[in-house]
Amino acid sequence: MEPSMFSELTRISHRLFVSNLTKSLTTIVSIGILYSVIAALIFITNGLGQTLKNYSNEINDGEVYLLTEYEGEDDDLIERRAKKYHGEKIELSKSQLDRYGIIENDSAIILKFTNFTQAEQYYNRKDTREFGYAKDEYHVTELFSQKISAKQTLEDTKNEKIIPITIVLIIASMLIFVFVISHIISSDDKIIFMYRSLGATKKQIFFIYFSYIQEICFYIIIMMFIVGGIMAGLSKIWIEPYFTDWLLSYFPGGTNPKVSTFEFNEDFIYLFISLFASSFLSFLLCIDQFFTKKISQRIKGA
């Protein structure tokens, strides 16, 4: 497509947006509200996740201490797993054990990890085949705090509640797209017929209406960030006390955290992809309505 033709078709697409301004704004608001809720949920979950990460790094200088006990016959198993995940064996004095209420028997070993990811991998015990042990015989307990448990609980909440809600809202937005685009195309029969009479090809008409849908997506993204950001910011008022209580339950004796409900991450890339994918799918589902035969039938029916 030549640059001049591309520019002209883009201008026609924008005029289509303006001529259908009421429908366009209705679409932007209805779908924008759904995506604003999704964006707010992402902002909030990311912010709380970052709050937990920052708070965990402040406790014991980010180090993780794990008490490990193995009931099997392999005496070197704990040391071999510790070596793989870079855990360092340490000894605590009796006064330290008593202070934190730690009961250590002869088979128990305390390991210190400076890397949280490696500590979590050691804690999860997903290498039973590699090292040949039964998971129920290998016991790992966090000491001084529950950094790993807190992180995994937050991730489980996201996977079990936030993601399903997001999927439902995306499906709802796609259904709205299909309904609105179908309605706009059917109401533009005479305009489309005029384009064809003036020599416009099917591809050019497809481009005009597809560009129109993408312009709607652009304004949805703007609304999503503005409204979603405001919702996430306001949510801090009532989320902060509950999250603080929840967090301190994993870090006994800790100080109140600085809670954030606003954080970007790669989840927004997937959100953009879902928006444009749903708009593209909606366009494909309505594409048969551009055919001359269908248009003629609708005009005659009117």
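For the structure itself, consult the block above.
Given the structure is predicted, the values throughout are model-derived calculations rather than measurements.

Draft legend 1. Local environment of the packing of helix α2 (residues 21-58) against helix α9 (residues 202-250). For the pair α2 and α9, the least separation of the axes is 4 Å and the interaxial angle reads 40°. Crossing angle aside, the handedness with which α2 passes α9 is right-handed. The class makeup of the residues in the contact of α2 with α9 is 27 nonpolar, 8 polar and no charged.

Draft legend 2. Structural view of a nonpolar patch on the surface. On the surface, Phe218, Tyr219, Ile222, Ile226, Val227, Ile230, Met231, Leu234 and Ile237 cluster together into a nonpolar patch covering about 830 Å² of accessible area. Relative to the elements of secondary structure, Ile226 occurs in helix α9.

Draft legend 3. Representation of the pattern of salt bridges in the model. Throughout the structure, instances matching the rule amount to 10 salt bridges. With a closest N to O distance of 3.0 Å, Arg81 and Asp127 form a salt bridge. Placement of Arg81 in helix α3 (residues 77-84) and of Asp127 in the loop between α5 (116-124) and α6 (128-131) is noted, with a sequence separation of 46 residues between them. Residue Arg81 shares its accessibility class with Asp127, and that shared class is buried. Between Glu130 and Lys84 there is a salt bridge; the shortest N-O distance is 2.6 Å. With Glu130 in helix α6 and Lys84 in helix α3, this residue pair connects regions lying 46 residues apart in the sequence. Here the residues in one salt-bridge network are Glu8, Arg11 and Arg15, joined through shared partners.

Calculation rules
- Residues numbered from 1 in each chain as written.
- Predicted model: local features only at pLDDT ≥ 70, side-chain atom pairs only at ≥ 80, totals over all residues.
- Heavy atoms only, no water.
- Axes fitted to C-alpha atoms, helices over the stretch in contact; angles between N-to-C directions.
- Helix = DSSP H or I, 4+ residues; strand = E, 2+ residues; numbered from the N terminus.
- Left-handed = near helix turned anticlockwise from the far one by under 90°.
- Nonpolar A, V, L, I, M, F, W, Y, C, P; charged D, E, K, R; others polar.
- Patch = residues over 30% accessible without salt bridge, like charges linked within 9 Å, V, L, I, M, F, W, Y side chains within 5 Å.
- Areas by Shrake-Rupley, 256 points an atom, 1.4 Å probe, with all protein chains shown as cover.
- Salt bridge = Lys/Arg side-chain N within 4 Å of Asp/Glu carboxyl O.
- Buried < 20%, exposed > 50% of the residue type's maximum accessible area, 1.4 Å probe, protein only.

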